[in-house]
Amino acid sequence: KTANANKEGGVVNYYWTIPDKKGDFKKISYVKKFEPWDLIVGTGVYVVDIDDQMHNMKKEVDETINKEIIISIITIAVIIILMSLLAIFVMNSVIIKPLNKFQDGLLHFFKYVNKEEKDIKALEITSNDEIGTMASLINDNIIKTKAIYNIDERLGFPIFNRMRWESFRENQRMRLFYEEMKPF
């Protein structure tokens, strides 16, 4: 009917059996009349086959997408880890090491001031940032403190050693304690 109605042919929907399966299944066919032989030629596909192919294609696409997502997540994780390691390295080089050097220099300065060390070296200034500025100020105070100690020694004023200083401090505490206790 469809092939005879239109010279170009047309689409026909109908139900037909599939070998090795029970029941009738929907089939879509294209049919066209072949005039020289007065035949109708057609070709078709079962809707079930299309559904199976669509399901398989969807499954393949889902698997591909999942693989790409996993690869992307792993790539991003590796990049984040590498960037974190780089940040740690930079922070260590730019912040932590200079601060540790500054801290060591400051501790040596206080040991010198407290007469726990006989000499002190200037702090190494490796940057022009805040740490470098603080190191420069400490170096200025090292020079001033050394000069004061040298003047005191030349003038004959002995600088208290640690034991003398603690003894002096204890005597001062006792004197203040007795002064406060006098009114009682």
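About the thresholds
- Residues numbered from 1 in each chain as written.
- Predicted model: local features only at pLDDT ≥ 70, side-chain atom pairs only at ≥ 80, totals over all residues.
- Heavy atoms only, no water.
- Pairing = 2+ DSSP bridges.
- Helix = DSSP H or I, 4+ residues; strand = E, 2+ residues; numbered from the N terminus.
- Axes fitted to C-alpha atoms, helices over the stretch in contact; angles between N-to-C directions.
- Contact = heavy atoms within 4.5 Å.
- Core = buried A, V, L, I, M, F, W, Y, C linked by side-chain atoms within 4.5 Å.
- Buried < 20%, exposed > 50% of the residue type's maximum accessible area, 1.4 Å probe, protein only.
- Salt bridge = Lys/Arg side-chain N within 4 Å of Asp/Glu carboxyl O.
- Expected span 1.5 Å × (residues − 1).
- Bend = angle between axes of the 7 residues up to and from the residue.

Undergrad: I tried to follow the sheet that holds strand β2 (residues 24–34) on my own but got confused; where do I start?
TA: Pairing is antiparallel in the open sheet, where three strands are placed in the order β1-β2-β3. At either margin of the open sheet sits one strand with a lone partner, and together these are β1 (10–17) and β3 (39–46). Each adjacent strand pair in this sheet contributes to an overall mean axis angle of 35°, direction not counted. With respect to the sheet, helix α2 (residues 47–113) is in contact with β2 and β3, its orientation differing from that of β3 by roughly 40°.

Undergrad: What's the story with the nonpolar core in this structure? I'm lost.
TA: Taken as a class, soluble globular proteins show a tendency for nonpolar side chains to be buried jointly. Core analysis: the biggest nonpolar cluster contains 10 residues, these being Phe102, Phe109, Tyr112, Ile120, Leu123, Ile131, Ala135, Ile138, Ile142 and Tyr149. Secondary-structure elements contributing two or more residues to this core are α2 and α3 (130–155). A total of five residues in this core trace back to one element, the largest contributor, which is α3. Non-local contacts of Ile138, meaning those with residues more than four positions away in its chain, are made with Phe102, Leu106, Phe109 and Leu123.

Undergrad: Whenever I open this one, the pattern of salt bridges confuses me. Can you help?
TA: A side chain of one charge can pair with a side chain of the opposite charge if their charged atoms are brought near each other. Scanning all chains against the criterion turns up three salt bridges. The residue Lys58 makes a salt bridge to Asp62 at a minimum N-O spacing of 3.0 Å. Taken as a pair, Lys58 and Asp62 lie in helix α2 at a separation of four residues, close to a single helical turn. On the basis of relative accessible area, Lys58 is assigned to the exposed category, the value being 52%. Judged by its relative accessible area of 34%, Asp62 is partly exposed. Here Lys146 and Asp119 are joined by a salt bridge, their closest N and O atoms 3.3 Å apart. Within this pair, whereas Lys146 is found in helix α3, its partner Asp119 is found in the loop between α2 and α3, the two being separated by 27 residues in sequence. Judged by relative accessible area, Lys146 falls into the partly exposed class, the value being 26%.

Undergrad: Which parts of the structure should I look at to understand unusual backbone geometry?
TA: Excluding glycine, residues mostly have negative phi values, and the peptide bonds linking residues are mostly trans. With a phi angle near 70°, Asp20 is a residue other than glycine that sits in the positive phi range. Structurally, Asp20 can be placed in the loop between β1 and β2. Backbone geometry at Asp38 places phi at a positive 60°, although glycine is not the residue there. Classification of Asp38 by relative accessible area gives exposed; the value is 55%.

Undergrad: Teacher, can you tell me more about α2 here?
TA: Given 3.6 residues per helical turn, the α-helix brings residues three or four places apart onto the same face. If you check α2, its first and last C-alpha atoms are 95 Å apart, about what 67 residues at 1.5 Å a residue would give, namely 99 Å. Most pronounced at Asn92, the bend in α2 amounts to some 45°. Taken together, the buried positions of α2 are occupied by Pro98, Phe102, Gly105, Phe109 and Tyr112. One or two residues past the end of α2 sits Lys115, with phi positive at roughly 65°.

Undergrad: Just checking my understanding: could you explain the pairing of β1 for this structure?
TA: Within a regular beta strand, the side chains point alternately toward one face of the sheet and then the other, so they alternate between its two faces. By the bridge criterion, eight bridges tie β1 to β2 in an arrangement that is antiparallel. Residue pairing in the sheet places Asn13 in a bridge with Ile28 of β2. Hairpin connection between β1 and β2: a loop of six residues separates the two successive antiparallel strands, and Asp20 in this loop has a positive phi of roughly 70°.

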